[in-house]
Structures are given as C-alpha cells and as structure tokens.
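# Descriptive analysis of the structure
Below, each chain spelled out in residue letters.
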Amino acid sequence: MSTLYDFKENIKKEELKKIADKINEGGLVVFPTETVYGIGADATNSKAVKKIFEAKGRPQDNPLIVHISNLEMLKDIVYAPTETEKLLMDSFWPGPLTIILKSKKILPEAVTAKLDTVGVRMPDNDIALNIIEASGKPIAAPSANVSGKPSGTELSDIYNELKDKVDIFVDGGKTNIGIESTVLKVDENNVVNILRPGKISVEDITKIGLEVKLDKHIFEDVKENEKVESPGMKHRHYAPNTKTILLEYSDEDSIMINKVKEFKRNNENKKIGIICFNEHEEAYKNMGIMCITIGSKSNLMEISRNVFSDLRKIDDMDLDICIIEGVKKEYIGTAIMNRLIRACEYKIL
Ligand code: AMP
Ligand code: MG
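Residues numbered from 1 in each chain as written. Chains lettered and ligands numbered in written order. Predicted model: local features only at pLDDT ≥ 70, side-chain atom pairs only at ≥ 80, totals over all residues. Heavy atoms only, no water.

## Regarding the side chain of S304
Basically, it comes down to this: Helix numbering and strand numbering both begin at the N terminus, where a helix is a DSSP run of H or I of at least 4 residues and a strand a DSSP run of E of at least 2. For the purposes of these results, a polar contact is taken to be a pair of N or O atoms within 3.5 Å, where, inside protein, one atom must be able to donate a hydrogen and its partner to accept one; residues adjacent in sequence count only when each atom of the pair is a side-chain atom.
Relative to the elements of secondary structure, S304 occurs in helix α11 (residues 300–313). A distance of 2.5 Å separates a polar side-chain atom of S304 from the backbone oxygen of I177.

## With respect to the nonpolar core
In plain terms, the rule: By nonpolar core we mean a set of buried residues, namely Ala, Val, Leu, Ile, Met, Phe, Trp, Tyr and Cys, connected to one another through side-chain atoms within 4.5 Å. Working definition: with a 1.4 Å probe on protein chains only, accessible area under 20% of the residue-type maximum means buried, over 50% means exposed, and in between means partly exposed. Whether two residues touch is decided by their heavy atoms; if any such pair falls within 4.5 Å, the residues are in contact.
Ranked by internal contacts, the top residues of the largest apolar core, which has 62 residues, are V30, I39, L88, W93, V170, V192 and I205. Beyond its immediate sequence surroundings of up to four residues, W93 is in contact with I68, L71, L74, L88, I99, V120, R121 and M122.

## Topic: the pattern of salt bridges
Quick note on the threshold: For this analysis, a salt bridge means a side-chain nitrogen from Lys or Arg found within 4 Å of a carboxyl oxygen belonging to Asp or Glu.
For the structure shown, the criterion picks out 20 salt bridges. Of the charged contacts in the structure, one is a salt bridge between K185 and E229, with a shortest N-O distance of 3.8 Å. With a gap of 44 residues between them, K185 in strand β9 (residues 182–186) and E229 in the loop between β11 (212–214) and β12 (243–247) connect regions that are remote in the sequence. The exposure class of E229 is partly exposed, given its relative accessible area of 42%. One salt bridge in this structure joins K297 and D253, with 2.8 Å as the shortest N-O distance. Of this pair, K297 sits in the loop between β14 (290–295) and α11 while D253 is found in helix α9 (residues 253–266), placing the two residues 44 residues apart along the sequence. Here D253 falls in the partly exposed class, since its relative accessible area comes to 33%. Here the salt bridges share partners, and the residues they tie into one network are D6, K8 and D171.

This is how it looks when you write it as structure tokens:
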C-alpha cells in the first residue's frame, strides 16, 4: 500500500520528514518537478535504484537522471565541470536542464547504466528541492510512468499504473512545463549537443553565446546497431496502442485542415479522431471527426503542459486512427515535436 501526501497548497513539515525517511530507508517516492513527475530513490543506494527499474519496467541500459538541490552535492558525484558547463548551470539551474557530466563512479552502476557519465539536474520546484534537501541525498528519478507510456504530468494519470509499486505519492498538482528536461552534453570543442530537447531550447542556449547542435536522432529513428549518444533514444516511447499519425505544422490553417479533409475522404469507413489546436476544433467537428483540443496554436507552453495527458486519452476514444497536429519546431516546439514524432512512431501525414 502506498501513502498519498497532498502538497498542492503547501509543503507539510512532518510529512516531508516522513518522505525523507522513506528515501533514506531505500523506498520509492513519486514527486512533482517543474517538468513531469519523477519516481525517485536515493541515488547512492543500489537496491533502491534497482526498484525504480522494476517499478517502471525500464530497460537496464537506460540510465537515470540524478537530481540535486545544491552545488555541493554535485562535487561528490562528478569531476569539476568545464567553464561551458558552469555557464550552463549558472544560466539555467535550477531548471529543466540535464547536463551529462563525467562521473566519479561513486554512484551504483544501475544509475549510470555502466556509462562513465551521469546526467545531473537541479529541478526548479520547491517540493522536489525540499525532498532532496531533507533527505540529504542526490535522488535518481526518471519520469513517473510505466516505460513506454507518456510521462506523468498529474497524479491521476499515473496513480493506477504505479500504486502497487511505490511507497509514497506526493501531489503537487499539474506540472508547469509538462515535458521532460532538455538533456545535453558539451563536447571537447565546447559545442553543446542536445540529446533530448526540452523547455531550455536551442534559442535559449544560443542566447548565452554558446554553439548548439541538435542530435540527428531527435527527429529520426535509430537504425539497428547504430551507435547513439543517449540510450533513451533507442527505446520505444509515448506511443498509444491506437494507430497515430502526425500532421505537420503549417502557419496556414487551411493547409492543415485540407490535409485532414483529404485523409478522411480516403478513409471513409475508418473511425478517425484528432488531437488538434483549439482554433481547428470547429472545422474538424463539422467533418464528423472526434477532437481532443491540446491548446492554442500560438501558445506552445499550453500545448507542452497538455501533450502527455492528451496522448493518454487516445486509447479511450476507441478509434481506428488518431491524427495529431504538429507544432512549429521553434523554442519548446522542437521538444513537443520530438515527443509527438515518437508517439506516432515516425509516421507523418
Ligand atoms: P527519463 O528520466 O525517463 O526522462 O529519461 C532520462 C533520459 O536521459 C534518457 O533518455 C536517458 O537515456 C538520458 N540519460 C541519462 N543519463 C545519461 C547519460 N549518462 N548519457 C546519455 N544520456 C543519458
Ligand atoms: Mg521517461
């Protein structure tokens, strides 16, 4: 049986102490961050970390992100960061940015999947920071969801799939950003390689004067035996059981709407649904297509907050196929499209 603590209004001191004790006993705690919910354990406790992999059904070769609440903790885990890495930390921590750093190999092998690097981030969420601080341990925490499913952005989405597997759930309401952190690695020429896009965008990193590259697997599937910079790229992610197809973004509403009209005409006897912009809902309803609105096309943050819970709704609609409207690949839109193209298993309309 798991316990639920409600921290939506405020962080309760006595309960925080119980959470910290549970972490120190090697337990699992689901807690909010500013990106998505995490399923966390003491990163220094090998047994506890293994429980995370079991609870999620996570492939053992996919390393975990280690969450810290202050820079002192960083010194124990990794070698001194370079000037470029320090600039990234100063600019974006606490925040939705994971930096892959050279590991001191103090953490158990399960955390790093035996790599010589470790992904570290300082989350920008008071509940998360308080839990880390109170436990006094770095906390290894992947997204709170069964592997392959969309990440959890509110407890109601993930409670049932995790309730028998974790000790404590901490409710902090719906998460602010809604998609996971940007993961990056700085190469020997001080170029920032984005391995997974997130809220901290190419534009944000360029603005602080650094050169940035997007890894090619952000929009492309990994071929068999192909080497990847980040193990997570290889794994199936976010895809509902229903067949889904991605509709590429256009500034012209009519271009997107006409493509859907044609698709509907060519698939007369199929039950079609769509995840669409608020602005397009009426047009699709008039075609007899079931709609889930994801937000306004001009508000990428709204879309980012809704994307995972909307993906979770698709299978309940009993469709033959679900179209998903894509967004413009700029700012956090790049990250949204990275998740959507995977949810659609690289099928584009
Ligand atoms: P999750 O915590 O489920 O959002 O996933 C964490 C992501 O970070 C996965 O895609 C991992 O493969 C990636 N990651 C974590 N540690 C490393 C590392 N040391 N090197 C490269 N990628 C990493
Ligand atoms: Mg995940």
